[in-house]
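Here's the letter readout for the chains.
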Amino acid sequence: MPRYVVFLRGVNVGGVNLKMAEVAKTFTDAGFDNVKTILASGNVLLDSRSGAKAIRSAAERALRDAFGYEAWVLVYDVDELRAVSDNYPFEREVEGHHSYITFVSDPDLLDELAALEPGPEEKMQRGDGVLYWQVARNATLDSTIGKTMGKKRYKSSTTTRNLRTVEKVLR
């Protein structure tokens, strides 16, 4: 059965606080198989024959019903996520920097984000449905992407993961 990764947006990072065991149960109750959560930042692996679009719809509905918040998720099959990780264009580990991938489901918003001018402490490059991003550790929140991603218009179609988190999900 196909394996998918579901990234929950805005979970356990100053917004909505969810216990991953409860998230796993919610996804299992919603009909997904072999559900596993990774870390507390809203990363879920599951099996489904439904396809990414149907998984997204069912997962958002299940989270909204179970936890009563405006849930948004992005869904990728494992091979697609592996390709995104493999194509990271910058040196993966740079002392004093964070390496990120911003996942974007809306092509117009991706165009908008990719057109931003990176700040002095960051690198950005567009990928297939993602924005690759590297920023100095002390500049994340004040960076171009950091400031932009907090705007409401991006919440339903974007989420960012540290490259190390993506690698843990893929193990």
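Look a little higher up for the structure.
What counts, and at which threshold
Residues numbered from 1 in each chain as written. Predicted model: local features only at pLDDT ≥ 70, side-chain atom pairs only at ≥ 80, totals over all residues. Heavy atoms only, no water. Pairing = 2+ DSSP bridges. Helix = DSSP H or I, 4+ residues; strand = E, 2+ residues; numbered from the N terminus. Axes fitted to C-alpha atoms, helices over the stretch in contact; angles between N-to-C directions. Contact = heavy atoms within 4.5 Å. Buried < 20%, exposed > 50% of the residue type's maximum accessible area, 1.4 Å probe, protein only. Arc of directions from axis to C-beta. Polar contact = N/O pair within 3.5 Å; in protein donor to acceptor, adjacent residues only side chain to side chain. Core = buried A, V, L, I, M, F, W, Y, C linked by side-chain atoms within 4.5 Å. Salt bridge = Lys/Arg side-chain N within 4 Å of Asp/Glu carboxyl O.

**Side note on the sheet that holds strand 5 (residues 97-104)**
Sheet architecture is open: 4 strands sit in the order 6-7-5-8, paired in antiparallel fashion. The strands lining the two open edges of the sheet, one partner per strand, are strand 6 (122-126) and strand 8 (158-162). Direction aside, the axes of adjacent strands within the sheet are offset by 20 degrees on average. The strands touched by helix 3 (residues 78-86) within the sheet are strand 5 and strand 7 (130-136), with strand 5 carrying the most contacts at an inclination of about 140 degrees. Along the sheet, helix 6 (residues 163-170) makes contact with strand 5 and strand 8, crossing strand 8 at roughly 85 degrees.

**Here we look at the sheet that holds strand 3 (residues 43-47)**
One open sheet accounts for 4 strands, arranged 2-3-1-4; its pairing is antiparallel. Each edge of the open sheet is held by one strand with a lone partner, namely strand 2 (33-38) and strand 4 (73-77). Strand after strand, the sheet turns through a mean of 20 degrees between neighbouring axes, direction not considered. Both strand 1 (residues 3-8) and strand 3 contribute to a ladder of 5 bridges, which runs antiparallel. Paired with Tyr4 across the two strands is Leu46, which belongs to strand 3.

**A short note on helix 4 (residues 107-114)**
Among all positions in helix 4, only Leu109, Leu110 and Leu113 are buried. Looking straight down helix 4, one finds that the buried residues subtend no more than 105 degrees of arc, so they occupy a single side. Along helix 4, exposed side chains directed more than 90 degrees from the buried face belong to Pro107 and Asp108. Packed against the buried residues of helix 4 are strand 5, strand 6, strand 7, helix 5 (144-149) and strand 8. Measuring from the side-chain oxygen of the N-cap residue of helix 4 to the backbone nitrogen of Asp108 gives 2.8 Å; that N-cap residue is Asp106.

**Some points on the nonpolar core**
Ranked by internal contacts, the top residues of the largest apolar core, which has 21 residues, are Val6, Leu8, Val23, Phe27, Val44, Leu46 and Leu63. Elements with a contribution of two residues or more to this core: strand 1, helix 1 (20-29), strand 3, helix 2 (52-67) and strand 4. Discounting residues that sit within four places of it in the chain, Val6 has contacts with Phe27, Gly42, Asn43, Val44, Leu46, Ile55, Val73, Leu74 and Val75. Counting 19 residues, the second-largest nonpolar core is a separate cluster that includes Val84, Tyr88, Phe90 and Leu163.

**Quick look at the pattern of salt bridges**
The full count for this structure, using the stated rule, is 9 salt bridges. Across the pair Asp47 and Arg3 runs a salt bridge whose closest N-O atoms are separated by 3.0 Å. Of the two residues, Asp47 sits in strand 3 while Arg3 sits in strand 1, which places them 44 residues apart along the sequence. Since its relative accessible area comes to 23%, Arg3 is described here as partly exposed. Ionic pairing is found between Glu167 and Arg92, a salt bridge with its closest N-O pair at 2.7 Å. Here Glu167, found in helix 6, pairs with Arg92, found in the loop between helix 3 and strand 5; they are 75 residues apart in sequence, far enough to count as distant. The class of Arg92 is partly exposed, set by a relative accessible area of 29%.

These figures come from the coordinates and say nothing about function on their own.
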